[in-house]
Amino acid sequence: MAARKSLPVTTGARSTTIGFVNLGCAKNQVDAEVMLGSLTAEGYALTADAAQADVIVINTCGFVEEAKQESINAIIEYGSFKKTGRCKVLVAAGCLAQRYQGELLEELPELDAVVGTGEIGRIAEICRTTLAAERPSQQLWMAPPPYLYDGLTPRLRLGPPHTAYVKIAEGCNRNCAFCAIPLMRGKQRSRTVASIVEEVRRLAAEGVKEINLISQDTINYGVDLGLKRGLTALLKALVDIPGLRWIRPFYLYPQPIDEELIELYAGSERIAKYLDMPLQHINDEVLGRMHRLGTKASITDLIEGLRRRIPGLTVRTGFIVGYPGETNAQFAELKRYLTDMEFDRVGVFLYSDEEGTPAVELTRKLDRQRIEARRTELMALQESIALKKSRLMVGRTLEVLVDGPSEESPLLLAGRHEGQAPDIDGVVYLSDGPADRPPLAGDLVKVTITEAAAYDLVGCIVG
Ligand code: SF4
């Protein structure tokens, strides 16, 4: 889950100030950026000080139990500014809002409006209407299908200016038994290639060097538009846009990848040699009960083939532990797989029952303590693998995109190499640089790696 990002402070034509809290994944971040773009276009001022906000919008996450609880806690926490600050209107938007709708209004009376994922394009109108309404009048704003922005939609981007997320599609047509995303985001709807190209051109002209392409099912981009090899067509249209350094597609489902796409990954310097492919599990019986396509053998062939064909490929994946009926032997098989495959990055998620999904009906549920213990075990194993792989980087000289002062110290710069994605992977701390012209955020520098920890590296700028 992405950390809360700090809100830019803006002044607006209106005297009303908006506070905004974004939770959840990069897809939610893009929704937040679209809402902030529409609020500032209407003249609202943004404040980072919740006590000074007339309206507080919380963009919630509803992915798994932990994320839901974090969203509810945020609603309660920021609701208190109705008593201690200026807040007149508290709004919940995003996945949790879409999922629980009126129930959320009933359970959390501090909320004035609940806004579904289909209505985020109307956030400015919703804030205006709710502010003007006679109190008490809780309002529910829901409309199918999920809102999808286009290349002309104003966005106020969060995070460093040189890296941007671009949402290429919304929703998912698959039926993974544990997943509530299709319930919240609906069936897949892709943006057109032209709309995405237009947006990426604009971002590149603004100085963005790294484009992170996101959707729920990126490998299937464009299927709903009748495109046969949508992702390949999209990447071909993006690679020649001047100013870009890395294009980084996320969330590739483990299914056979067409030859042309592999060649594009291998042959284009602009497509990051980075594969983000969530596998969820590797035992065939568990995969079957998860309603996932592919088997251990086909998935292994796929990843090994990609590693062979795309030299230097960094592989990130994700697994769910504690799926109903996951036996000790099946968990042991998952651990062995990690050891055998030596993935560069692994995310581990705890299984939780999500209302409305088929997995809820499964028997042989594991208790929470056992599920958490499995995550701890898997993470510890991955840490040792990651450390071993990181140490192999010492002595190598890599191209690093400078992100700016590190979270550790404003005096220490941090950046990322091609194999480190923003927000989810480690960083490279930059120990030295030219004294006359220290590098700035957004610069690309050559760095020789001098030290390695499991997730982060330390390097010296050499050019
Ligand atoms: S492919 Fe991803 S988003 Fe789609 S149902 Fe499966 S886990 Fe959910």
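Residues numbered from 1 in each chain as written. Predicted model: local features only at pLDDT ≥ 70, side-chain atom pairs only at ≥ 80, totals over all residues.

Peer 1: Sorry if this is basic, but what is going on with the overall build of the protein chain here?
Peer 2: A count of helical and extended segments in the protein chain gives 13 helices and 19 strands. Taking 23 Å as the expected radius of gyration for a compact globule of 463 residues, we find that the protein chain reaches 22 Å, a close match to that expectation. Taken over the C-alpha atoms alone, the protein chain extends approximately 65 × 65 × 45 Å along its principal axes. In the protein chain, which comprises 463 residues, the proportion classed as buried is 43%. When contacts within the protein chain are restricted to residue pairs at least 6 apart in sequence, those whose partners lie at least 24 apart make up 74%. (Helix = DSSP H or I, 4+ residues; strand = E, 2+ residues; numbered from the N terminus. Rg over C-alpha atoms; globule rule 2.2 N^0.38 Å. Buried ≥ 20, exposed ≤ 12 C-beta atoms within 10 Å, placed from the backbone. Contact = placed C-beta atoms within 7 Å.)

Peer 1: Before we go on, may I ask you to explain the sheet that holds strand S12 (residues 274–276) in this structure?
Peer 2: Pairing in this open sheet of three strands is parallel, and the strands run S12-S13-S14 from one edge to the other. Both outer strands of the open sheet, S12 and strand S14 (345–350), are each paired with one neighbouring strand and no more. Across the sheet, the axes of successive neighbouring strands diverge by a mean angle of 15°, strand direction being ignored. Two strands pair when backbone bridges link them, and S12 and strand S13 (residues 314–321) are joined in this way by three bridges, in the parallel orientation. Across the sheet, residue Leu275 finds its bridge partner in S13, namely Val315. Taken strand by strand, helix H13 (residues 368–391) contacts S13 and S14, and its axis lies near 175° from that of S14. (Pairing = 2+ DSSP bridges. Axes fitted to C-alpha atoms, helices over the stretch in contact; angles between N-to-C directions.)

Peer 1: Which parts of the structure should I look at to understand the packing of helix H12 (residues 328–341) against H13?
Peer 2: Between H12 and H13, the shortest axis-to-axis distance is 10 Å and the interhelical angle comes to 15°. With respect to each other, H12 and H13 are oriented roughly parallel. Where H12 crosses over H13, the two elements pack in a sense that is right-handed. In contact with Phe331, Lys335 and Leu338 of H12, H13 contributes Arg374, Leu378, Leu381, Gln382 and Ile385. For the contact of H12 with H13, the per-class residue count stands at five nonpolar, one polar and two charged. (Parallel < 35°, antiparallel > 145°, perpendicular 65-115°, else oblique. Left-handed = near helix turned anticlockwise from the far one by under 90°. Nonpolar A, V, L, I, M, F, W, Y, C, P; charged D, E, K, R; others polar.)

Peer 1: Quick question: what am I supposed to make of helix H1 (residues 26–41) here?
Peer 2: In an α-helix, one turn spans 3.6 residues, which is why side chains three or four residues apart end up on the same side. For H1, with 16 residues, the first-to-last C-alpha span of 22 Å sits near the 22 Å given by 1.5 Å per residue. Where burial is concerned, most of H1 is hidden: 13 out of the 16 residues are buried. (Expected span 1.5 Å × (residues − 1).)

Peer 1: Please clarify how H12 should be interpreted in this entry.
Peer 2: Here H12 spans 20 Å end to end across 14 residues, near enough to the 20 Å set by a 1.5 Å rise per residue. One or two residues past the end of H12 sits Glu342, with phi positive at roughly 45°.

Peer 1: Before we go on, may I ask you to explain the domain arrangement of the protein chain in this structure?
Peer 2: Frequently, the measure chosen for interface size is the accessible area removed from exposure when the parts meet. Here the domain parsing of the protein chain yields domain 1 (17–141), domain 2 (163–389) and domain 3 (397–461). Relative placement of domain 1 and domain 3: their C-alpha centres are 35 Å apart. (Domains from an automatic or database assignment.)

Peer 1: Sorry if this is basic, but what is going on with the pairing of S14 here?
Peer 2: Taken residue by residue, a regular strand's side chains alternate between the two faces of the sheet. With six bridges joining them, S13 and S14 adopt parallel strand pairing. Residue pairing across strands places Thr317 opposite Val346, the latter belonging to S14. Crossover S13 to S14 through H12 is right-handed. (Right-handed = clockwise from strand over helix to strand, strands pointing away.)

Peer 1: Honestly, the pairing of strand S19 (residues 457–461) in this entry has me stumped. Any pointers?
Peer 2: Here S19 shows a clear split, with Leu457, Gly459 and Ile461 buried on one side and none of Val458 and Cys460 buried on the other. Here strand S17 (residues 428–432) pairs with S19 via four bridges, running parallel. Its bridge partner lying in S19, Asp432 is registered against Cys460. Pairing of strand S18 (residues 444–452) with S19, which is carried by five bridges, proceeds in the antiparallel orientation. The residue bridging Ala452 from the neighbouring strand is Leu457, located in S19. Hairpin geometry of S18 and S19 is characterised by an intervening segment of four residues between the two adjacent antiparallel strands.

Peer 1: Sorry if this is basic, but what is going on with the packing of H1 against helix H5 (residues 123–132) here?
Peer 2: Relative orientation and spacing of two packed helices are given, respectively, by the angle between their axes and the distance between those axes. Direction vectors running N to C along H1 and H5 enclose 60°, while the axes themselves pass 8 Å from each other. One way to sum up the angle between H1 and H5 is to call them oblique. On H5, the residues that touch Met35, Ser38 and Leu39 of H1 are Ile123, Ala124 and Cys127. In terms of residue class, the contact of H1 with H5 is made up of five nonpolar, one polar and no charged.

Peer 1: Is there a simple way to explain the site of the ligand in this structure?
Peer 2: All residues adjacent to the ligand are Cys172, Arg174, Cys176, Cys179, Ile181, Pro182, Gln216, Asp217 and Tyr253. Of the residues belonging to the shell around the ligand, the class tally is six nonpolar, one polar and two charged. (Near = placed C-beta within 6 Å.)

Peer 1: Is there a simple way to think about the nonpolar core in this case?
Peer 2: Nonpolar side chains in soluble globular proteins tend to be buried together. Counting 100 residues, the largest nonpolar core has Val57, Val91, Ala92 and Val115 as the members making the most contacts within it. For this core, the element with the highest residue contribution is H1, accounting for six residues. Of the residues that make up this core, three or more belong to each of domain 1 (17–141) and domain 2 (163–389). Apart from residues no more than four positions distant in its own chain, Val115 is found in contact with Val91, Ala93, Ala97, Ile120, Ile123, Ile126 and Trp141. Leu413, Val427, Tyr429 and Ala452 belong to the second largest nonpolar core, which has 15 residues in total. (Core = buried A, V, L, I, M, F, W, Y, C linked by C-beta atoms within 7 Å.)

Peer 1: Is there a simple way to explain the sheet that holds S19 in this structure?
Peer 2: Across a sheet, strands are paired by hydrogen bonds formed along the backbone, either parallel or antiparallel in direction. Taking strand neighbours around the barrel as the criterion, the five strands line up as S15-S16-S17-S19-S18 in a closed arrangement whose pairing is mixed. Strand-to-strand, the axes of this sheet are offset by a mean angle of 55°, without reference to chain direction.

Peer 1: Looking at this model, I keep getting lost on the environment of Trp246. Mind explaining?
Peer 2: Mapped onto the elements, Trp246 comes out in strand S11 (residues 246–249). Linking Trp246 and Arg270, residues 24 residues apart in sequence, is a C-alpha distance of 4.8 Å. In contact with Trp246, other than residues within four places in its own chain, are Glu210, Arg270, Ala272 and Glu418.

Peer 1: Quick question: what am I supposed to make of the environment of Val30 here?
Peer 2: Of note, Val30 is situated in helix H1. A sequence separation of 54 residues divides Val30 from Thr84, and the C-alpha atoms of the two residues are 30 Å apart.

Peer 1: What is the right way to look at the environment of Phe319 in this model?
Peer 2: Position of Phe319 among the secondary structure elements: in strand S13. Judged by local crowding, Phe319 falls into the buried class, with 22 C-beta atoms found within 10 Å.

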